[in-house]
Amino acid sequence: MKKSTIKILIAVGVVAAVYLVLRYYGVTDDIRLENVPKIKTWVAGFGKIAPLVYIGLYLVSTVFFLPGSPVTVLAGFVFGPLWGIFYASVASIISISIAFLIARYVARDLVEGWVKNNAQFRKIDEQVEEQGWRILMFTRLVPIFPFNLQNYAYGLTSIRFSTYVLVSAIFMLPGTAAFVQLGGAFVSGEGNIWKTLLYLGIAGVLMLLLSLIPRLLQKYQTKL
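Each chain carries its own residue numbering, running from 1 in the written order of its sequence. Under the rules for a predicted model, residues below a pLDDT of 70 receive no local features and side-chain atom pairs below 80 are neither given nor counted, while totals for whole chains, interfaces and linings still include all residues. As a convention, hydrogens and water are excluded, and side-chain values are obtained from all of the structure's heavy atoms.

Enquirer: How would you sum up the UniProt feature "transmembrane region" (unreviewed entry) in the protein chain? Please name residues and give values.
Expert: UniProt positions are given in the numbering used here, feature names are shortened, and annotations may be inferred rather than shown by experiment. What UniProt calls "transmembrane region" (unreviewed entry) maps, in this numbering, to residues 6-25, 46-65, 85-107, 164-187 and 193-213. Secondary structure across residues 46-65 comprises 70% helix and 0% strand; the distance between its end C-alpha atoms is 25 Å. In this description a helix means any DSSP run of H or I spanning at least four residues, a strand means any run of E spanning at least two, and both kinds are numbered starting from the N terminus. Secondary structure within residues 85-107 divides into 96% helix and 0% strand; the distance between the first and last C-alpha atoms comes to 31 Å.

Written out as structure tokens, the structure is:
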């Protein structure tokens, strides 16, 4: 067995262990937007290692197909609107990378079973051959394919790992920032309604821009 495969298997084992711990504490059952304040208290309670706990939670949500939006909003609640973007971005990059590597080197047959009858994936696979990183950019900006599943699905394509990580990191950032601002608005704006409105406004503008992207990329959308 290759050393790289062994490392990935170890990483999978660590993720599974984190998942079991979070499940033991009931965190995985509470990942919903209405429960974000409750989860915030739990994560913040770890003090200096709260960022690591948050990254572990994000990783588990991505790998085990748990809701991602509440975890992204959570970063704003715990770390504020600015540091929240940083930690959510770091967590997302680590998470999508591990999912990709699992699909490519560890559980390829399993992932193929998930997507083999998915027409959208077949078109994406074809477009990766033709368009390269551009199709990855499109699917990161426009959610035509479930986020958690596409992290695995790209591991089955011919796209290079380095390209996958770089392009994903850049084009996931607008969506990440928008969701983090929603959480950050209620933390930074405590006692100051104008700050709350400011961060909610930023989130609203980002959401609006994201909603306009499909039209801007219409020529790519018609190929999917």
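Enquirer: So, the environment of Pro 37: which residues are in play, and what are the values?
Expert: Structurally, Pro 37 can be placed in helix H2 (residues 36-44). Given a relative accessible area of 41%, Pro 37 falls into the partly exposed group. Spatially, the C-alpha atom of Pro 37 lies 9.3 Å from that of Gly 183, the residues being 146 residues apart in sequence. Only protein chains enter the accessibility calculation, which uses a 1.4 Å probe; a residue whose area is less than 20% of its type maximum is buried, one above 50% is exposed, and one in between is partly exposed.

Enquirer: Any details on unusual backbone geometry? Residues and values, ideally.
Expert: Trans peptide bonds make up most of the peptide bonds, and negative phi angles are found at most residues other than glycine. The phi dihedral of Phe 65 is positive, around 60°, even though this residue is not glycine. Relative to the assigned elements, Phe 65 resides in the loop between helix H3 (50-63) and helix H4 (69-106).

Enquirer: A description of the packing of H2 against H4 should follow, citing residues and the corresponding values.
Expert: In a pair of packed helices, the angle between the axes and the distance between the axes together describe the arrangement. Axes here refer to lines fitted to C-alpha atoms; in helices the fit is confined to the stretch in contact. Angles between the N-to-C directions go from 0 to 180 degrees. At a minimum axis distance of 9 Å, the contact between H2 and H4 shows a crossing angle of 60°. One way to sum up the angle between H2 and H4 is to call them oblique. Between H2 and H4 lies a crossing whose hand is right-handed. When H2 is examined against H4, the residues Val 36, Pro 37, Ile 39, Lys 40 and Val 43 are found in contact with a partner set consisting of Pro 70, Val 73, Leu 74, Phe 77 and Val 78. In the scheme used here, Gly and all other residues not listed as nonpolar or charged are polar, with Ala, Val, Leu, Ile, Met, Phe, Trp, Tyr, Cys and Pro taken as nonpolar and Asp, Glu, Lys and Arg as charged. Taken together, the residues of the contact of H2 with H4 break down into nine nonpolar, no polar and one charged. Should an angle lie under 35 degrees it is considered roughly parallel, over 145 roughly antiparallel, and from 65 to 115 roughly perpendicular; all remaining angles are considered oblique. Left-handed describes a crossing in which the near helix is turned anticlockwise from the far one by less than a right angle; the clockwise case is right-handed. Any two residues whose heavy atoms approach within 4.5 Å at even a single point are treated as in contact.

Enquirer: Account for a nonpolar patch on the surface, with residues named and values stated.
Expert: Side chains of Phe 46, Ile 49 and Leu 52 sit close together on the surface and give an oily, nonpolar patch of about 290 Å² of accessible area. Inspection of the secondary structure puts Ile 49 in the loop between H2 and H3. The partly exposed category is assigned to Ile 49, whose relative accessible area is 45%. Only residues whose relative accessible area exceeds 30% and that form no salt bridge enter a patch; like-charged residues are grouped when within 9 Å of one another, and nonpolar side chains (Val, Leu, Ile, Met, Phe, Trp, Tyr) when within 5 Å. For the accessible areas, the method is Shrake-Rupley and the probe is 1.4 Å, while residue cover comes only from the protein chains on display. A side-chain nitrogen of Lys or Arg and a carboxyl oxygen of Asp or Glu constitute a salt bridge if their distance falls within 4 Å.

Enquirer: A description of the packing of aromatic side chains should follow, citing residues and the corresponding values.
Expert: Remark: the centre distance and the inter-plane angle together describe each pair of aromatic rings, the angle taken between the planes. Ring geometry is summarised as follows: Phe, Tyr and Trp rings, the Trp one being its six-membered ring, pair when their centres sit within 6.5 Å, and such pairs are stacked at plane angles under 30 degrees, edge-to-face over 60 and tilted between the two. In this structure the tally under the stated criterion is eleven aromatic pairs. With a centroid separation of 5.5 Å and an interplanar angle of 45°, the aromatic rings of Phe 100 and Phe 161 are classed as tilted. One end of the pair, Phe 100, is in helix H4; the other, Phe 161, is in helix H9 (residues 161-188), and 61 residues separate them in sequence. Ring plane angle 45° and centroid distance 6.1 Å describe the contact between Tyr 154 and Tyr 164, whose orientation is recorded as tilted. Of the two residues, Tyr 154 is situated in the loop between helix H8 (147-153) and H9 and Tyr 164 in helix H9; the sequence distance between them amounts to ten residues. Judged by relative accessible area, which is 1%, Tyr 154 ranks as buried.

Enquirer: Go over the environment of Met 137 with me, naming the residues and quoting the values.
Expert: Turning to its location among the elements, Met 137 is positioned in helix H7 (residues 133-141). On a C-alpha basis, the gap between Met 137 and Met 172 in space is 8.6 Å, while along the polypeptide they are 35 residues apart.

Enquirer: Describe H2, with residues and values.
Expert: Of the positions making up H2, those classed as buried are Val 36, Ile 39 and Val 43. All buried residues of H2 project into a common sector of 60° when viewed along the axis, lining one side. Turned more than 90 degrees away from the buried face of H2, the exposed residues are Lys 38 and Thr 41. An arc is given here, and it is the one of the directions from the helix axis to the C-beta atoms.

Enquirer: Run through the side chain of Gln 150, naming residues and quoting values.
Expert: Mapping Gln 150 onto the fold places it in helix H8. For Gln 150, a relative accessible area of 1% corresponds to the buried category. What Gln 150 contacts, discounting residues up to four positions off in sequence, is Thr 139, Arg 140 and Phe 145.

Enquirer: Lay out H4 with the relevant residues and their values.
Expert: For a helix, the expected span equals 1.5 Å multiplied by the residue count minus one. For H4, built from 38 residues, the straight-helix expectation of 56 Å at 1.5 Å per residue is missed by more than 12%, its first-to-last C-alpha distance being only 27 Å. Bend, in this description, refers to the angle at a residue between axes fitted to the seven residues ending there and the seven starting there. Of all bends in H4, the biggest is about 120°, found at Phe 79, and the proline Pro 81 comes one to four residues later. Of all 38 residues in H4, 29 are buried; the element is thus mostly enclosed.

Enquirer: Could you give me a rundown of the packing of H3 against H4, with the residues and numbers involved?
Expert: It is at 8 Å that the axes of H3 and H4 come closest, and there the two elements cross at 50°. Between H3 and H4, the interaxial angle falls into the category oblique. Between H3 and H4 lies a crossing of right-handed hand. Classifying every residue of the contact of H3 with H4 gives 20 nonpolar, five polar and no charged.

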